[in-house]
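One-letter residues, chain by chain:
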Amino acid sequence: MPEALTQIPVTVLTGYLGSGKTTLLNRILTETHGKRFAVIVNEFGEDGIDNDLIVDADEEIFEMNNGCICCTVRGDLIRIIEGLMRRSRAFDGIVVETTGLADPAPVAQTFFVDEDVRRKTKLDAIVTVTDAKHLLEQIDRAPEAQEQLAFADVVLVNKADLVDENGLATVERRIRKINPYATIHRTERCGLDLVKVLGRDAFNLDRILEVEPGFLTKEHAHEHDDEIASLSLVADDPMDPARFVSWIQDTTQRYGTDILRMKGIIAMADDDRRFVVQGVHMLIEGGSQRAWKKNEAPQSRLVFIGRDLPVDLLKQGFEACRA
């Protein structure tokens, strides 16, 4: 059988912090399409939480923490993929969800410069999820947001319901200025037919080489903004619901301009369900999700990613919410 027919397609799912990548990933894993996907999740921070926000996929999640996938953990990515290739259970595809701070170019490079990975996998598409409400601001101040758009084959203009028609048109023009090739879809909560993001055979190396001739040869010089850092808060005691909700709302209003992303799974007092909270800047949403599983110790974990975060104040506020 020709090698190309045996290669496993890989979708790289990227997008700036808070765009909705995990929402799209959950749709891929829960919709009825009859296919099996292995998922590789990378987070920027020592305490991962995306793994637990991904539903019903426990045995196929591979998590890499405390390093951007485009920098310190590329070796981990290669080792995980090589391990997947040795498994007896076949996969229809692999989805790599990068941290919101990743430059997707070196991620894509991995599937070409490593001989074993290149032989056994095929980069199908780079799918970039964007936050329609905040994208223009992100493009102006974050080079990663521009890089994610520049290398995209498919762009989701997500949270389209938060922006009027003129605003959406402006966002799409700005995307087109950066990347005139990508297919653009407007979405709310990443709602679209998954055939528009999976099995696209859309990654076109010739186009990438037009944009960046040194793509396959130059050293990766990407550096993160030193002002951006992550803060992980953990508590084994349950939280007081009223105090926590009041504190998290006040925190996002007070420091929202510097909080690029916030996400957490909270154990509330007198509630056997997990309370999931997510936010970007001053936008925040939360609610009770599923019940804690028997093998799960109810524990509260809250992760902030932002610029010049008031670490001590956030720690104090979190601790004060214990029941």
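Undergrad: Can you help me understand the overall build of the protein chain in this one?
TA: Secondary structure assignment for the protein chain yields 12 helices and 12 strands. Looking at the protein chain as a whole, 52% of its 323 residues are labelled buried. The long-range fraction of contacts in the protein chain, counting pairs at least 24 apart against all pairs at least 6 apart in sequence, stands at 77%.

Undergrad: When you look at unusual backbone geometry in this model, what are you seeing that I'm missing?
TA: With the exception of glycine, the majority of residues adopt a negative phi angle, and the majority of peptide bonds are in the trans configuration. Phi angles above zero are rare outside glycine, and Arg 189 is one such case at about 50°. In this structure, Asp 270 takes a positive phi of about 60° despite not being glycine. Mapped onto the elements of the fold, Asp 270 is located in the loop between β9 (259-267) and β10 (273-280).

Undergrad: Looking at this structure, how should I read the pairing of strand β11 (residues 283-291)?
TA: Sheet faces and side chains relate simply in a regular strand, where the side chains alternate between the two faces. One ladder, built from 7 bridges, connects β10 with β11; its direction is antiparallel. Along β11, the bridge assignment pairs Phe 275 with Ser 288. If you look at the hairpin formed by β10 and β11, you'll find 2 residues sitting between the two strands, and His 281 has a positive phi there, around 55°.

Undergrad: What should I look at first to understand the environment of Val 107 in this one?
TA: Along the chain, the position of Val 107 falls in helix α5 (residues 104-113). Residues Val 107 and Ile 126 lie 19 residues apart in sequence; the distance between their C-alpha atoms is 9.7 Å.

Undergrad: Looking at this structure, how should I read the confidence of the model for the protein chain?
TA: Segments scoring low in pLDDT should not have their predicted coordinates read at a detailed level. Taken over all residues, the pLDDT of the protein chain has a mean of 80, while the share at 70 or more is 80%. When pLDDT is averaged over each helix and strand of the protein chain, the minimum, 51, is found for strand β3 (residues 61-64) and the maximum, 97, for strand β6 (residues 154-158). Predicted confidence is poor over residues 55-60, with pLDDT under 50, and the contacts of this stretch with residues over four places away or in other chains come to 14 contacts. Below pLDDT 50 for its whole length, residues 63-72 participates in 52 contacts with residues either more than four positions away or in separate chains.

Undergrad: What should I look at first to understand the pattern of salt bridges in this one?
TA: Think of it this way: side chains of opposite charge can pair up when their charged atoms draw near. Using the criterion set out here, one finds 16 salt bridges in the structure. Here Glu 31 ties to Arg 27 by a salt bridge, and the two come within 2.7 Å at their closest N and O atoms. In this structure, Arg 273 and Asp 271 form a salt bridge, with 3.2 Å as the shortest nitrogen-oxygen distance. It is possible to trace a salt-bridge network through shared partners that takes in Asp 116, Arg 119 and Lys 120.

Undergrad: What's the story with the packing of helix α11 (residues 241-255) against helix α12 (residues 311-319) in this structure? I'm lost.
TA: When two helices pack together, their arrangement is captured by the angle between the axes and the distance separating the axes. One way to put it is that α11 packs onto α12 with a least axis distance of 10 Å and a crossing angle of 165°. Judged by the angle between their axes, α11 and α12 are roughly antiparallel. Read as a crossing pair, α11 and α12 show a hand that is right-handed. Note on element contacts: α12 touches α11 through Leu 313, Leu 314, Gly 317 and Phe 318, opposite Trp 247, Thr 251 and Tyr 255.

Undergrad: How do you make sense of the packing of aromatic side chains when you look at a structure like this?
TA: Two descriptors summarise a pair of aromatic rings, namely the distance from one centre to the other and the angle between the planes of the rings. As enumerated under the stated definition, the model contains 4 aromatic pairs in all. With 6.0 Å between their ring centres and 55° between their planes, Phe 244 and Trp 247 make a pair best called tilted. With Phe 244 and Trp 247 both in helix α11 and 3 residues apart, this pair spans about one turn of that helix. Using a relative accessible area of 0% as the deciding quantity, one classes Phe 244 as buried. Its relative accessible area of 11% is what places Trp 247 among the buried residues. Ring pairs connect the aromatic residues Phe 244, Trp 247, Phe 275, Phe 304 and Phe 318, which therefore count as one cluster.

Undergrad: Mind showing me how you'd approach the environment of Arg 79 here?
TA: Examined against the element boundaries, Arg 79 turns out to sit in helix α4 (residues 74-85). Its relative accessible area of 52% is what places Arg 79 among the exposed residues. For Arg 79 and Val 117, which are 38 residues apart along the polypeptide, the C-alpha to C-alpha distance reads 9.3 Å.

Undergrad: I keep staring at the nonpolar core and nothing clicks. Help me out?
TA: What tends to happen in soluble globular proteins is that the nonpolar side chains get buried as a cluster. Ile 40, Leu 84, Ile 94, Val 96, Phe 111 and Leu 123 are the most contacted members of the largest nonpolar core, which has 22 residues in total. Elements represented by at least two residues in this core include exactly β1 (8-14), β2 (37-42), α4, β4 (93-97), α5 and β5 (121-131).

Undergrad: Looking at this structure, I do not really get α12. What am I missing?
TA: Since there are 3.6 residues in each turn of an α-helix, residues three or four apart along the chain are aligned in direction. Listing the buried residues of α12 in full gives Leu 314, Gly 317 and Phe 318. Down the axis, α12 shows its buried residues gathered within 100° of arc, on one side only. Opposite the buried face of α12, by more than 90 degrees, sit the exposed residues Asp 312 and Gln 316.

Definitions and limits used
- Residues numbered from 1 in each chain as written.
- Predicted model: local features only at pLDDT ≥ 70, side-chain atom pairs only at ≥ 80, totals over all residues.
- Heavy atoms only, no water.
- Helix = DSSP H or I, 4+ residues; strand = E, 2+ residues; numbered from the N terminus.
- Buried < 20%, exposed > 50% of the residue type's maximum accessible area, 1.4 Å probe, protein only.
- Contact = heavy atoms within 4.5 Å.
- Pairing = 2+ DSSP bridges.
- pLDDT = per-residue confidence, 0-100.
- Salt bridge = Lys/Arg side-chain N within 4 Å of Asp/Glu carboxyl O.
- Axes fitted to C-alpha atoms, helices over the stretch in contact; angles between N-to-C directions.
- Parallel < 35°, antiparallel > 145°, perpendicular 65-115°, else oblique.
- Left-handed = near helix turned anticlockwise from the far one by under 90°.
- Phe/Tyr/Trp six-rings, centres within 6.5 Å; stacked < 30°, edge-to-face > 60°.
- Core = buried A, V, L, I, M, F, W, Y, C linked by side-chain atoms within 4.5 Å.
- Arc of directions from axis to C-beta.

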